[in-house]
Amino acid sequence: MKIYKEKDYDKMSFRAAAVIGAQIYMKPDCVLGLATGSTPIGAYRKLVEWYEQGGLDFSAVTTINLDEYKGLSRDNEQSYYYFMNEHLFSKVNIDRSRTFLPDGTETDSDAACRKYNEIIHAVGGADLQLLGIGHNGHIGFNEPGDCFEKETHCVNLSERTIQANTRFFESEKDVPRQAYTMGVQTIMSARRILLAASGEDKAEAVRAAFFGPVTPQVPASILQFHPDVVLVADEAALSKCPEC
Ligand code: PGA
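In this text the structure is predicted, and so the values were computed from the model without any measurement. (Residues numbered from 1 in each chain as written. Predicted model: local features only at pLDDT ≥ 70, side-chain atom pairs only at ≥ 80, totals over all residues. Heavy atoms only, no water.)

Bringing the overall build of the protein chain into the picture now. A tally of regular secondary structure across the protein chain gives seven helices and ten strands. Relative to a compact globule of 244 residues, whose C-alpha radius of gyration would be 18 Å, the protein chain shows 17 Å and is just as compact. Each of the three principal axes of the protein chain carries a C-alpha extent, and together these read 45 × 45 × 35 Å. Counting over 244 residues, the protein chain shows a buried share of 54%. Counting only carbon and sulfur atoms, one obtains 49% of the accessible surface of the protein chain, whose full area is about 10,700 Å². (Helix = DSSP H or I, 4+ residues; strand = E, 2+ residues; numbered from the N terminus. Rg over C-alpha atoms; globule rule 2.2 N^0.38 Å. Buried < 20%, exposed > 50% of the residue type's maximum accessible area, 1.4 Å probe, protein only. Areas by Shrake-Rupley, 256 points an atom, 1.4 Å probe, with all protein chains shown as cover.)

So, in structure tokens, the structure goes:
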């Protein structure tokens, strides 16, 4: 595992964007596994900036996102498609027909997950998978206790995740209770993983994930078994990691 310790959120975002940018530069038709949430926003901003300066070309890139809320359509402002559009897709020269997320409007969970798995297999999986980390150590919406083996599946969100995501909705009752998420098996099959983390509130999750035992109670801990993980974090997020 390679760890980049950066001073603050901006520097962490720059470094994460550099890893993603390098991937696009080295393999213009790469498959990027993308993530939503507060953590990657700064990295997406940087990528857009570099695109505008002529340094990056997204025209041959394919993207597969980690997850989507069940029940939200693409034009719902809280949907992850909307987020991706807002922060990246609408701002770069990516071909929309090659940007994939689970279909939140598909009410048949089995069908939604099967279709998304087929897409992921058809594009050949991710060359680089970007991840955030939840306070409870979740990756995507793979919550503590979930089975490690799964591909895309439907999950009931944990209370802690619902509370953490309430900030994006009008009230807690508006937060969807279910989501479609890539499973740990899908995430682990990415050729390279980039986990980005920022802030003191993530310090315990980062410590448990990378310096604690590998256990389904901390879904991100499985990444210790991945052969090519890049952890990009700021000093606050690494403050509980003794070796960092
Ligand atoms: P955050 O979410 O980037 O908004 O902190 C990360 C996650 O829950 O995976």
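Read on, since the account is not over.
Locating H226 in the fold gives a position in the loop between α7 (203-211) and β10 (229-234). Not counting chain neighbours up to four residues away, the residues in contact with H226 comprise M188, A190, R191, R192 and I193. (Contact = heavy atoms within 4.5 Å.)

A separate point is the packing of aromatic side chains. In total, this model carries seven aromatic pairs according to the counting rule given. Grouping aromatic residues by their ring pairs yields a cluster made of Y69, Y80, F141 and F169. Directly above the aromatic system of Y4 lies the positively charged group of K2, at a separation of 4.7 Å from the ring centroid. Of note, R74 hangs over the ring of Y81, and the distance from its end group to the ring centre comes to 3.9 Å. (Phe/Tyr/Trp six-rings, centres within 6.5 Å; stacked < 30°, edge-to-face > 60°. Lys NZ or Arg CZ within 6 Å of the ring centre and 35° of its normal.)

Moving on, we get to the packing of helix α2 (residues 41-52) against helix α3 (residues 80-87). For the pair α2 and α3, the least separation of the axes is 10 Å and the interaxial angle reads 40°. Overall, the two elements α2 and α3 adopt an arrangement that is oblique. Two secondary-structure elements touch here, α2 through I41, Y44 and V48 and α3 through F83, M84 and H87. Counted by class, the contact of α2 with α3 contains five nonpolar, one polar and no charged residues. (Axes fitted to C-alpha atoms, helices over the stretch in contact; angles between N-to-C directions. Parallel < 35°, antiparallel > 145°, perpendicular 65-115°, else oblique. Nonpolar A, V, L, I, M, F, W, Y, C, P; charged D, E, K, R; others polar.)

This part covers the pattern of salt bridges. Side chains that differ in sign of charge can pair as their charged atoms come close. Counted under the stated rule, the structure contains eleven salt bridges. Across the pair K7 and E235 runs a salt bridge, and its minimum N-O distance is 3.4 Å. Taken together, the residues span a long stretch of sequence, with K7 in the loop between β1 (2-6) and α1 (9-26) and E235 in the segment after β10 at a distance of 228 residues. Each member of the salt-bridge network shares a partner with another, and the members are K27, D127 and R191. (Salt bridge = Lys/Arg side-chain N within 4 Å of Asp/Glu carboxyl O.)

Once that is clear, we can look at the pairing of strand β8 (residues 178-181). Judged from the three bridges that link them, strand β4 (residues 67-69) and β8 form a sheet pairing that is antiparallel. Among the inter-strand pairings, E68 is bridged to a residue of β8, identified as Y180. Looking at chain direction, strand β7 (residues 153-156) and β8 are connected through four bridges and run antiparallel. Its bridge partner being in β8, N156 is matched across the sheet by Q178. (Pairing = 2+ DSSP bridges.)

With that out of the way, let us pick up the nonpolar core. Judged by nonpolar contacts, the single largest core of 76 residues is most densely connected at L47, L88, L194, L195 and L223. Aside from chain neighbours lying at most four places away, what touches L223 is L131, I139, I187, M188, I193, L195, F210 and V229. (Core = buried A, V, L, I, M, F, W, Y, C linked by side-chain atoms within 4.5 Å.)

In short, the description is geometric, and any link to function would need to be established separately.
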